[in-house]
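Here is what each chain is made of, one letter per residue.
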Amino acid sequence: MSNRTIALDDRLYAYLLANSLREPEVLRRLRAETLTMARASMQIAPEQGQFMALLVRLMGATRIVEIGTFTGYSTLAMALALPAHGRVIACDVSDEWTAIARRYWAEAGVADRIDLRLQPALDTLDRLIADGEAGRFDIAFIDADKENGLNYYERALTLLRPGGIVLIDNTLWNGSVADPARDDGETAAIRALNAALHGDERIDLSLLPLGDGLTIARKRGNG
Ligand code: CA
């Protein structure tokens, strides 16, 4: 029992939330509004948002790039944990989804900490690298189209300072990664990314069974 991760049934999950979740009211309302949408499952779990906010504070992060913003829950959770001069560059392609995000960012009073870039994320990341921003970010959060996972990861690693972390969402993909019957493109892409990270000597690695699987990769090197 004790040397493997515990399984969470509904009762234990409810206990975990009741005894640890400190979700700000504005995030609670954003989550509730997003849950009414057809793509609600793309929203991260609230305990994951709280964990990511904790990481922001633990690292003293001031510069974050987010790849895949959706309705802005993770963006807002991290922005609220930043100092006033901190910045999140948020990448998405949906004006519809990020319009909801912008409304809540403004309500929370942190819109000035979030720089939304509405174009394909690879374009934004390549532009940042071309503009000399490599090695200048503390955290990169990847939660976008799964087929581009490795492309996002490589650019994120370039943008991070040594000691910075890449967070990758959905690395357990509702269990499909371990199901031999699943061979669709998204599942295959996530498996390939997980395998690549496992053997990547440039990073320290942990895959947390939090939410739908959250991988943390710390960029090695001095600094
Ligand atoms: Ca996700």
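Note that the coordinates shown come from a computational prediction; the quantities given were computed from them, not determined experimentally.

A. Representation of the pattern of salt bridges. A full pass over the atoms with the stated rule returns 18 salt bridges. One salt bridge connects Glu25 with Arg28, and the closest N-O pair in it is separated by 3.6 Å. You can see Glu25 and its partner Arg28 sitting in helix α2 (residues 25-35), 3 residues apart, about one turn around the helix. Notably, a salt bridge pairs Arg220 with Glu201, separated by 3.4 Å at the nearest N-O pair. Of this pair, Arg220 sits in the segment after β7 (214-219) while Glu201 sits in the loop between α8 (185-198) and β6 (203-208), placing them 19 residues apart in sequence. When its relative accessible area of 38% is taken as the criterion, Arg220 is described as partly exposed. Several salt bridges share partner residues, and in doing so they unite Glu25, Arg28, Arg29 and Glu107 into one network.

B. Inspection of the side chain of Thr75 at higher detail. Relative to the elements of secondary structure, Thr75 occurs in helix α4 (residues 73-81). Reaching out from Thr75, the side chain makes a polar contact with the side chain of Glu66 at a distance of 2.6 Å.

C. Expanded view of the sheet that holds strand β1 (residues 63-67). Judged by pairing direction, the sheet is mixed, and its 7 strands sit side by side in the order β3-β2-β1-β4-β5-β7-β6 without closing on themselves. Both outer strands of the open sheet, β3 (114-118) and β6, are each paired with one neighbouring strand and no more. Between one strand axis and the next, the sheet turns through 15° on average, direction left out of account. Relative to β7, strand β5 (residues 160-169) is paired through 5 bridges, and the arrangement is antiparallel. Counted as the bridge partner of Val166 is Ala217 from β7. Strands in contact with helix α3 (residues 46-59) are β1, β4 (137-142), β5, β6 and β7; relative to β5, the strand with the most contacts, it is inclined by about 180°.

D. Just the packing of aromatic side chains, in detail. In total, this model carries 1 aromatic pair according to the counting rule given. Taking 4.8 Å as the distance between ring centres and 85° as the angle between the ring planes, the aromatic pair formed by Phe70 and Trp97 counts as edge-to-face. Of this pair, Phe70 sits in the loop between β1 and α4 while Trp97 sits in helix α5 (residues 95-107); the two residues are 27 residues apart in sequence, bridging distant segments of the chain. Among the residues examined, Phe70 registers a relative accessible area of 6% and is labelled buried.

E. Region of interest: the coordination of the calcium ion. For the calcium ion, every protein donor is listed as Asp143 (OD), Asp143 (OD), Asp169 (OD) and Asn170 (OD1), and the spread of their distances is 2.3 to 2.8 Å. Between the donor residues of the calcium ion, the gaps in sequence give the motif D-x25-D-N. Among the residues examined, Asn170 registers a relative accessible area of 11% and is labelled buried.

F. Helix α6 (residues 121-130), seen in detail. Buried within α6 we find Ala121, Leu122, Thr124, Leu125 and Leu128. Looking straight down α6, one finds its buried side chains confined to an arc of 160°; they lie on one side. Looking at the buried positions of α6, the neighbouring elements they touch are β1, β2 (87-92), β3, β4 and α7 (149-159). Of the residues flanking the end of α6, it is Gly132, one or two places downstream, whose phi is positive at about 85°.

G. Just the environment of Asn148, in detail. Relative to the elements of secondary structure, Asn148 occurs in the loop between β4 and α7. For the pair Asn148 and Gly68, spaced 80 residues apart in sequence, the C-alpha to C-alpha distance is 11 Å. Among the polar contacts made by the side chain of Asn148, one reaches the side chain of Asp145 at a distance of 2.8 Å.

H. Representation of the environment of Gly164. Position of Gly164 among the secondary structure elements: in strand β5. Judged by its relative accessible area of 0%, Gly164 is buried. In this structure the C-alpha to C-alpha distance between Gly164 and Cys91, which are 73 residues apart in sequence, comes to 19 Å. Non-local contacts of Gly164, meaning those with residues more than four positions away in its chain, are made with Met59, Asp138, Ala217, Arg218 and Lys219.

Basis of the calculations
Throughout, a residue's number is its position along its own chain's written sequence, starting from 1. Thresholds applied to this predicted model are a pLDDT of at least 70 for local features of residues and 80 or more for the giving and counting of side-chain atom pairs; totals over whole chains, interfaces and linings are not thresholded and use all residues. Side-chain calculation: all heavy atoms of the structure are included, whereas hydrogens and water are not. The rule for a salt bridge is simple: a side-chain nitrogen of Lys or Arg has to be within 4 Å of a carboxyl oxygen of Asp or Glu. Strands are runs of DSSP state E lasting at least 2 residues, helices are runs of H or I lasting at least 4, and numbering of each runs from the N terminus. Only protein chains enter the accessibility calculation, which uses a 1.4 Å probe. A residue is then buried if its area is under 20% of the maximum for its type, exposed if over 50%, and partly exposed in between. The definition of a polar contact used here is a pair of N or O atoms within 3.5 Å, where within protein one atom must be able to donate a hydrogen and the other to accept one, and adjacent residues in sequence count solely through side-chain atom pairs. A pair of strands is treated as paired once DSSP finds two or more bridges between them. The axes are straight lines fitted to the C-alpha atoms, using for helices just the contacting stretch, and the angles between their N-to-C directions are given from 0 to 180°. Here a residue-residue contact requires only that any non-hydrogen atoms of the pair lie within 4.5 Å. Two aromatic rings from Phe, Tyr or Trp, using only the six-membered ring of Trp, form a pair when their centres are within 6.5 Å; if the ring planes differ by under 30 degrees the pair is stacked, by over 60 it is edge-to-face, and anything between is tilted. For Na, K and Ca the donor cut-off is 3.2 Å; for every other metal, N, O and S atoms count as donors within 2.8 Å. Water does not enter the count, which can leave sites looking incomplete. Here, the arc refers to the directions that run from the helix axis to the C-beta atoms.

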